[in-house]
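Overview (structure and organization)
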Amino acid sequence: MSEEASDIVRRRGVDAPQIAFWSAVAVGVLAAGMAIAGGPEVGRAGGVLLILMVAAGMVLFWFMSRGVGARVGAFPERGAIETAIVQSSRFDLMMLDALEEAALVTDGELSPIAANAAYITLAETAGVLGDSDRPPAMSRLFGADPALSAPMFRLARAAGARQRRREILPPTTLARGAQSAAFEAHVGPMPGGRVLWRLRELNAASPAQGEAQAELFLDDSPIGFFAARPDGGVVYMNRALRAVLGVGDDPARLRVRDFIKDDHQRLLRRDRRGFRPTQAPIMLRARDGVETPATALTFWTSDEDADAQARTLVFFTEAEAPGATAEPPRAPPRAVGAADLAFEYAPFGAALLDGPDPAVAAILDANPALMDMTGGRAAPGAVFAELFDASEGPAALAERLRADQSPLHLEIAGNPPLAVHVQLARGADGSSLAYVINVSEQRVLEQRLAQAEKMKEIGMLAGGVAHDFNNLLTVVMNNCDYLLRRHPVGDPDYFDLNEINLHATRAKELSEMLRAYARKQNFKREVLDVTTLISEMQELLRRLIGDGIAFETKHGGDLPRIKADRAQLERVLVNLASNARDAMTPKDGAPPKGAKITLKTARSTAEEARALGHSLIADGEYVLIEVIDAGIGIKPEDQDKIFHPYHSTKEAGRGTGLGLATSYGIIKQSGGYIFFTSELGKGTTFRIYMPSYEPTPEEMEEIMRKERARLERPFTDVAGAGRILFVEDQVGVRRSIARNLVDCGYEVVEAEHGEEALAILEKAPGGFDVIITDYDMPIMNGPELIENATPEMIGKAKVLFLSGYAPESFGKVLEDYPVSYLSKPVNLQQLSQKLKELLGA
């Protein structure tokens, strides 16, 4: 045992006060025993002796409970016996003192047993030595620094598992006012179930400090990294990659083939043509079988070293991976370490700071990626905080940089500012490492996703409002029709009733625009010839545009047919024509001389659309409809919002802001695309691409039938006859329509929902000429009613759906089943005409 250690043992041994105390206690106990044994013969002296015994017991209890006995060595602490055994083994303690670094021996339960002089000196410096015979645990040396809690926990866990582990501890101060120092800690098992702890200080000249800095950079890096020998054995793996693979803190027994699914050998093949990293896509395979796609960038430290290890950076996302490998130096003048290469070629920004506080620290070094992000402002000597946007004030920026969160969400100052994530790691010499990751594209995608979710919610709200509004309008319009038949022209109330009817019709148009924007309209698609459609609309469009603007149509030849809802496509063309007119007409003036709107059609393909800059279009053939104006054009700041609802570039009072949003919804629901190009002062061109369609023979026959019906005289008589089953859950809608139908001569049986209607059909199978049903109802909706009814129940009855709102799949229902459809709100004239068509067919 060394002289210093012997002095410590002597200072903590048994001293004179202890001998005197225990002698007094022994005499008191002996005297009390004699008094008890002597009985009455002892007399008054026996009572005194008993009192002395009680007093001695109380002193002894206090001595034990307050811990004084443990401090003076009177009572053994946990491990004290083993400590005595170790101290009695002079040879073991001599070996412990022979170590240059501080050393501590603990038992299997990590209770300290013995320490060498260097460790005792550190404990005295830290002020944790105390009066115990036993040295303090290593964790007590650094108990005041929370930054060392994690590495000390990992060391203790390894010691408890009988494993070896090494940790580079962040710099800390053992005593107040002392200089900061960094330590390297080792732990490993010893014979007899004991554990050896070693602690070595890293000074500025120590090469281990550079290794500590490199390991800190790699271990805390947000990308993966591993080093492997040419035979595939893993030498090192950082924390990020271990977390993805689900491996422990010691991956030394792993091989590259254990976690690379495909050809792992390609990562270990050296590029003999020069010092060039190799990049390859890989598939990581975790211990639980989960596979993660990644990109690997592998490099080697030296050309001459035959035993050089492969160093591989693993990028977990495509955004992190470098798009192209930069041309590195052909012949580096020195051996380059893994950390140097990772710092130089990292696709994210990295900076070495001269202090632990990023709000005031200066930059010691920055990699090329950070220099590119900052436009060269991240030069050595620059203040790190000055790289970032401080629009909220320097104090607010400093507070954000010091925030206890990871990553920090900041913006690099510039025009425009660059969104970044900043992660900080403390270095071994008091410096810090800052990782700066460009997330501007991710931020844009997040904003677009949030906007898309917002637009989706608005669309759902618009569709729901339109549904409820249409039911109300149906009641208003049918009651108005009922009253108009009783108050014809000339009646004093006719004018007021007619006004109600006209405004209800205008409200219906607004509701249809809302449903079109929400893409919740019920489309009855039919085969259309675009040339014929536009020719029939030409006069309407000419009147809409007005006499002050020239209107020209140019039809392409050999156009294919399309399949779409005729009325909705007409609505789109009317919206675009009115927008073109307004773009060339001042609010209180006439259009300029030479104002012109052109409507063109042509056969087109996806390749031709992409050549015009419209890349978001699927492959195929299309019919192109162009609406071209020579107006003022659309401002660049408005172009991203042109299809948003209630966004209008017109003067107040000239538009609702729903026209283009409605058109966009109709075209998208029809399977087509709508784009535009615009130039200020020259005009705007809207392009509609509708997929071409080849009609079947049955569809061609339907086209001819509709053409013949179109040439017949329009229907005006609302009277009719037939038995109708009317299914509607809204009482007001059901009663108003049923009353009008009865008034027209029909026999009507009412049902509140599908189950009630099904029961009526079971009692009277085949007893109805027409079944009119709402689409969306509680308990059983319209399509479920038709699917559950047998052919015998329906008989020869025609089925007519009414709905103020239906999902997009309703269009497919109309194609799959022999049913007809009318959109709410519906008036008596429309319903009567449809019933005549169905009963006549």
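Each remark here, short or long, concerns the structure printed above.
Cut-offs and rules
- Residues numbered from 1 in each chain as written.
- Predicted model: local features only at pLDDT ≥ 70, side-chain atom pairs only at ≥ 80, totals over all residues.
- Heavy atoms only, no water.
- Patch = residues over 30% accessible without salt bridge, like charges linked within 9 Å, V, L, I, M, F, W, Y side chains within 5 Å.
- Areas by Shrake-Rupley, 256 points an atom, 1.4 Å probe, with all protein chains shown as cover.
- Salt bridge = Lys/Arg side-chain N within 4 Å of Asp/Glu carboxyl O.
- Helix = DSSP H or I, 4+ residues; strand = E, 2+ residues; numbered from the N terminus.
- Expected span 1.5 Å × (residues − 1).
- Buried < 20%, exposed > 50% of the residue type's maximum accessible area, 1.4 Å probe, protein only.
- Phe/Tyr/Trp six-rings, centres within 6.5 Å; stacked < 30°, edge-to-face > 60°.
- Lys NZ or Arg CZ within 6 Å of the ring centre and 35° of its normal.
- Pairing = 2+ DSSP bridges.
- Axes fitted to C-alpha atoms, helices over the stretch in contact; angles between N-to-C directions.
- Contact = heavy atoms within 4.5 Å.
- Polar contact = N/O pair within 3.5 Å; in protein donor to acceptor, adjacent residues only side chain to side chain.
- Arc of directions from axis to C-beta.
- Core = buried A, V, L, I, M, F, W, Y, C linked by side-chain atoms within 4.5 Å.
- Left-handed = near helix turned anticlockwise from the far one by under 90°.
- Nonpolar A, V, L, I, M, F, W, Y, C, P; charged D, E, K, R; others polar.

**Considerations on a nonpolar patch on the surface**
Taken together, the side chains of L461, V465, F469 and L472 define a hydrophobic patch exposed on the protein surface, amounting to about 380 Å² of accessible area. Tracing the sequence through the fold places L472 in helix 16 (residues 440-486).

**A word on helix 24 (residues 731-743)**
Taking 1.5 Å per residue as the helical rise, helix 24 with its 13 residues ought to reach 18 Å, and the 18 Å between its terminal C-alpha atoms agrees with that figure. Of the residues making up helix 24, those classed as buried are V733, R734, S736, I737, A738, N740 and L741. Directly after helix 24, the chain includes G745, whose backbone phi takes a positive value near 115°.

**So, the packing of aromatic side chains**
On inspection of all chains with the given rule, the structure shows 10 aromatic pairs. When the ring of Y622 is compared with that of Y673, the centres are 6.1 Å apart and the planes differ by 75°; the resulting orientation is edge-to-face. Residue Y622 is found in strand 20 (residues 621-629), and its partner Y673 is found in strand 21 (residues 673-679); the two are separated by 51 residues along the sequence. Taken together, a centroid distance of 6.2 Å and an interplanar angle of 5° make the contact between Y673 and F675 stacked. We classify Y673 as buried; its relative accessible area is 16%. Taken together through their ring pairs, the aromatic side chains of Y622, Y673, F675 and Y689 make up a single cluster. Here R723 stacks its cationic end above the ring of F768, 4.4 Å away from the centre of that ring.

**Some details on the environment of L497**
Relative to the elements of secondary structure, L497 occurs in helix 17 (residues 494-517). Put simply, L497 and H487 are 10 residues apart on the chain and 8.5 Å apart in space, counted from C-alpha to C-alpha.

**Side note on the sheet that holds strand 22 (residues 683-691)**
Judged by pairing direction, the sheet is mixed, and its five strands sit side by side in the order 17-19-20-22-21 without closing on themselves. Among the strands making up the open sheet, the edge pair consists of strand 17 (550-554) and strand 21. Neighbour to neighbour, the strand axes of the sheet diverge by 15° on average, direction disregarded. Bridge count between strand 20 and strand 22: eight bridges; the pairing is antiparallel. Its bridge partner being in strand 22, V623 is matched across the sheet by M690. Contacts from helix 18 (residues 530-545) reach strand 17, strand 19 (596-605) and strand 20, with the element oriented near 175° to strand 17.

**Comments concerning the side chain of K824**
In this fold, K824 is placed in the loop between strand 27 (819-823) and helix 29 (828-840). Using a relative accessible area of 1% as the deciding quantity, one classes K824 as buried. A polar contact of 2.7 Å, which involves the side chain of K824, links it to the side chain of E728.

**Re helix 29**
Here helix 29 spans 18 Å end to end across 13 residues, near enough to the 18 Å set by a 1.5 Å rise per residue. Three or more residues of helix 29 are buried, namely L828, L831, S832, K834, L835 and L838. Burial along helix 29 is one-sided: seen end-on, the buried residues are contained in an arc of 165°.

**A few points about the nonpolar core**
Judged by nonpolar contacts, the single largest core of 35 residues is most densely connected at I562, I597 and I688. Mapped by element, the contributors of at least two residues to this core are helix 18, strand 18 (562-564), helix 19 (566-583), strand 19, strand 20, helix 22 (659-669), strand 21 and strand 22. If sequence neighbours within four positions are ignored, I562 has contacts with E526, V527, L528, V530, L569, V623, M690, P691 and Y693. Within the second largest apolar cluster, 27 residues are counted, among which are L104, A115, M152 and L174.

**Some details on the pairing of strand 20**
Counting buried positions over the nine residues of strand 20 gives seven, a clear majority of the element. As judged from the nine bridges shared by strand 19 and strand 20, these two strands associate in the antiparallel manner. Bridge pairing links S604 to Y622 in strand 20.

**Re the sheet that holds strand 24 (residues 747-751)**
Read across the sheet, five strands follow the order 24-23-25-26-27 without closing on themselves; strand pairing throughout is parallel. This sheet does not close on itself; its edge strands, each paired only once, are strand 24 and strand 27. Strand-to-strand twist across the sheet, computed as the mean angle between neighbouring axes with direction ignored, equals 20°. The sheet contact formed by strand 26 (residues 798-803) and strand 27 spans five bridges and is parallel. Residue pairing for strand 27: F801 is matched across the bridge by Y821. Relative to strand 24, helix 24 is tilted by about 170°, and along the sheet it contacts strand 23 (723-727), strand 24, strand 25 (770-774) and strand 26. Against the sheet, helix 29 engages strand 23, strand 25, strand 26 and strand 27, with an angle of about 170° to strand 27.

**Some points on unusual backbone geometry**
Of the consecutive residues N415 and P416, the connecting peptide bond is found in the cis state with omega at 0°. Within the secondary structure layout, P416 lies in the loop between strand 13 (408-412) and strand 14 (418-426). Despite not being glycine, I779 has its phi angle at roughly 70°, a positive value. Here I779 is to be found in the loop between strand 25 and helix 26 (782-788). Residue class for I779 comes out exposed when judged on its relative accessible area of 59%.

**What to know about the packing of helix 19 against helix 22**
Helix 22 packs onto helix 19 with a crossing angle of 145° between their chain directions and a minimal axis gap of 9 Å. The handedness of the crossing between helix 19 and helix 22 comes out as left-handed. Taken together, the residues of helix 22 that come into contact with helix 19 (itself represented by Q568, L569, R571, V572, N575, L576 and N579) are G659, L660, T662, S663, I666 and I667. A per-class count over the contact of helix 19 with helix 22 returns six nonpolar, six polar and one charged.

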